Amino acid sequence: MLQLLDQEGQYEVPSKYSQYGEIIDQLGEADYKKFYRDMARIRRFDEEATALQRQGQLGLWVPAIGQEGAQIGSGYAVGNKDHIFPSYREHGVAITHGVELMSILKMMRGVNHGGWDPNETRFHHYAIVLASQALHAAGYAMGVKFDGLVGTGDPENDLAVITYIGDGATAEGDVSEALLFAAVNESPLMFFVQNNQWAISSNVETTTKVPLFTRGLGFGVPGIRIDGNDVLASYAATKLHMDEIRTGKGPFLIEALTYRIGAHTTSDDPSKYRQSEEVEFWKAKDPIIRFEKFLRRQGIGDDFFEQVTQDGEDLAKEIRESTFALPDPPMENIFENVYTDPHPLVDAQRQWLQDYESSLEDNE
Amino acid sequence: MAKISKFPLPDVGEGLTEAEIVSWQVAEGDQVTINQVICEIETAKSVVELPCPFEGTVSELLVQVGETVEVGQPIIAVSVAGSDPPVAAPIADVANADKPAESPANLVGYGEGEQTKSRRRKSSGMSSSAAAAAAIPAAVIPTSNVMAASQEANVSAKPPIRKLAKELSVDLSNVDPTGLHGEVTREDVMRAADQASVFKNISTPEAPTDREERIPVKGVRKAIASAMVESAFTAPHVSIFVDVDATRTMEYVKRLKASADFAGVKVTPLLIMAKAIIWAVRRNPTVNSTWTDEEIIVHYFVNLGIAAATPRGLIVPNIKDADKLSMFDLAVAIEQLAATARDGKTQPAETQNGTITITNIGVFGVDTGTPILNPGEVGIVALGSIQKKPWVVDDEIVIRQVTTIGATFDHRVVDGDVASRFLADVASVIQEPALLLD
């Protein structure tokens, strides 16, 4: 398993992983601070969103607490031309590519169906039907290859595609199909598996018989296992292999071992299916605490951490106020993106609903 | 200036309709901050903590521990400092614009009773609810309707009492309040409900003009439906019946009622029936067991379930270790069980781990029925009405108090011979309660 930072924040590159160490060598203090700031920011955001759901302001929340290292590290390693096909827990990856946090909350409040422009951010919409995003990514990556946007050696031209899936999704047929298509087409596709140990209430032992980083081997997709709570390992592995993929080397799989500290979503109660000892075991491996230890070893002092905490509180307040201020969407939105061009049936339905609404009292 | 903000119970899952307050972590007068945990609630899915959406002083806890509340019902009132509302309520509340209380509007689908805006069809004519009345131009509202609505609103009663009154169809403005501060108490509502029930069947309501009504399947009704389907389609049911002369049971009940020892306790034929079942179980233990696909677990204790009709539907709480109770203690337990169920306060644990059930359909004047097993149990006994009927004694027709006892068993566990012997044992006690001295 690739690990560059141990639980005490001690940085060490094992000799067989020296090529990953070389990638970290290119980072500076500003990058480290950015990693830390974003991990802390997304966690505070997550806590506030959970509270907002409990207060009836969001229909659902999908917490990512504990997975910040895997998400922020790999997110920053994805290039600015690459395309990202997330699952629905990748809030950390989202902020590394300019997705507004409020747009995620808009979707969870149900005032829109997506919330951001995938053409602009290259961060595609959340996939609520899990594992389907692997197929979307496989198709997109095939298209990238057909268009000659990979393996030319021109960094202005070449790009790669990455999809984020979980341990549970690897047990679905979609992922097997995506692995096969990516492999036989030698598509520029990275499968980033966040193995957070639990597929809702099913432990990873019930969804796989072999380590997940070997899942692609039979299809011809090599893989590596990394410590997903080590933000530097996550960055280095994603960067190195995405660079390789852009050169036309074909698909690759990263299994990031991590842990979902919270519930699967606000709709379930994890204490019903797992032991608190297990949660405590993983809390000790927390990616943010570990990285703070590393930064303090680098001589970064209290001022920085206090500022990050204060920024988190400001963000929480802003998120809270913005959520309460979200307007209800206009009814017409329902019909807007059903077809690209006008469609008589959609027009008739829109008219029917308008008539119905205006037959009610108290219209706005 | 301080403002009172109320926090309506949110849907913390997806599509949950109600939750029970498990504990309060704040009390009236406490300072609270945004996101401070104020209480624990239990939904059909899980126990979760609720964070407070306001900062201020708790002015009132609107719901008591143990109470089940519907999504949208306010659970806590917080006095928030400052003139600005703590949160922008995105949905304008026309009907309650003049009320001091403000609540954050929840997402679509969270009914909040009279606090949500009314969106009736324009053609629906007049409305009886105060909120709707205020939303319609005053000219179309008959004066009397407004009067009735405002009288109801002027009555002083706590929210749980209002809810109880609503469930029991008691009009609060017609109840004489006996509370210390002139408020309507739980007892007042119960008394009014009892009075009302005496006349309940006298007038038949007019036939509705609509051709049909659609009642959403949810809550207790949904739980009953799925339990019944599960039971009916997993356990092969076999039902048997016996007519029995219950004259001596009725005499026994009469004597117990008159005895000083049983003063203040409700004594009914159901009590003798409960004792009869416990006695017959000891003689035929397999009727008091549980089927698992690997084994049959025979219980040498009786958690006696008693089917109770409540305003929200059927529930079957049980009396734990009923076989260890004396006649007096059993009578007390039955009375308490029924009262708790009627108040809607039955805890989930009280309906779990039952071993055999009685359903007393006789109180409805019905002879007998074929009861469906309470899931997890293999026997259920139905007590029919006890009525004077012709009965043959020593080749002569005499008038006796006769009843029919029906019982259903899970044939995977109980064969016809055991079933028949058990029911005959129950019947023999009803015929001769002195057998209980055995």
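The rules we used
Residues numbered from 1 in each chain as written. Chains lettered and ligands numbered in written order. Predicted model: local features only at pLDDT ≥ 70, side-chain atom pairs only at ≥ 80, totals over all residues. Heavy atoms only, no water. Salt bridge = Lys/Arg side-chain N within 4 Å of Asp/Glu carboxyl O. Helix = DSSP H or I, 4+ residues; strand = E, 2+ residues; numbered from the N terminus. Buried < 20%, exposed > 50% of the residue type's maximum accessible area, 1.4 Å probe, protein only. pLDDT = per-residue confidence, 0-100. Contact = heavy atoms within 4.5 Å. Core = buried A, V, L, I, M, F, W, Y, C linked by side-chain atoms within 4.5 Å. Pairing = 2+ DSSP bridges. Axes fitted to C-alpha atoms, helices over the stretch in contact; angles between N-to-C directions.

Draft legend 1. Expanded view of the pattern of salt bridges. Evaluated as defined, the whole model comprises 30 salt bridges over all chains. As a salt-bridge pair, Lys 324 of chain B and Asp 323 of chain B come within 3.0 Å of each other at their nearest N and O atoms. Among the salt bridges present, the one from Asp 367 of chain B reaches Lys 389 of chain B, with a minimum N-O distance of 3.9 Å. Of this pair, Asp 367 of chain B sits in the loop between strand E16 (356-360) and strand E17 (379-383) while Lys 389 of chain B is found in strand E18 (residues 387-393), placing the two residues 22 residues apart along the sequence. By relative accessible area, Asp 367 of chain B is classed as partly exposed at 37%. Within this structure, Arg 44, Glu 47, Glu 48, Glu 313 and Arg 320 of chain A form a network of salt bridges that share partners.

Draft legend 2. Representation of the confidence of the model for chain B in the model. Residues and elements named next belong to chain B. For chain B, per-residue confidence averages 80 on the pLDDT scale, and residues scoring 70 or more make up 80% of the total. A low-confidence stretch, residues 108-117 stays under pLDDT 50, and its non-local contacts, those more than four residues away or across chains, total 21 contacts. When the criterion is pLDDT under 50, residues 124-150 qualifies, and its contacts beyond four places in sequence or with other chains add up to 20 contacts. Note on the complex model: pTM 0.59, ipTM 0.78.

Draft legend 3. Examining the nonpolar core more closely. Grouped together as the largest cluster of nonpolar side chains are 72 residues, with contacts concentrated most on Leu 2, Tyr 36, Leu 105, Tyr 126, Leu 232, Phe 291 and Leu 295 of chain A. The contact partners of Leu 232 of chain A, leaving out residues within four places of it in the chain, are Leu 4, Leu 5, Tyr 11, Ile 24, Leu 27, Tyr 32, Phe 35, Phe 291 and Phe 294 of chain A. Core analysis: the next-biggest nonpolar cluster, separate from the first, contains 50 residues, Val 253, Met 273, Ile 277 and Ala 280 of chain B among them.

Draft legend 4. Main features of the pairing of E17 of chain B. All names here are of chain B. Burial analysis of E17 places 5 of its 5 residues in the buried class, the great majority of the element. Side chains Gly 379, Val 381 and Leu 383 project from E17 onto one buried face, and the interleaved Ile 380 and Ala 382 project onto a second face that is buried too. Judged from the 5 bridges that link them, E17 and strand E19 (residues 396-410) form a sheet pairing that is antiparallel. Across the sheet, Ile 380 pairs through a bridge with Thr 408, a residue of E19.

Draft legend 5. Representation of the sheet that holds strand E6 (residues 223-227) of chain A. Residue and element names in this part refer to chain A. Pairing in this open sheet of 5 strands is parallel, and the strands run E1-E2-E3-E7-E6 from one edge to the other. Among the strands making up the open sheet, the edge pair consists of strand E1 (83-85) and E6. With direction set aside, neighbouring strand axes in the sheet form an average angle of 20°. Two strands pair when backbone bridges link them, and strand E3 (residues 189-195) and strand E7 (residues 252-257) are joined in this way by 6 bridges, in the parallel orientation. Bridging across to E7, Phe 192 finds its partner in Ile 254. Running over the sheet, helix H9 (residues 231-246) touches strand E2 (161-166), E3, E6 and E7 and is turned about 160° from E3.

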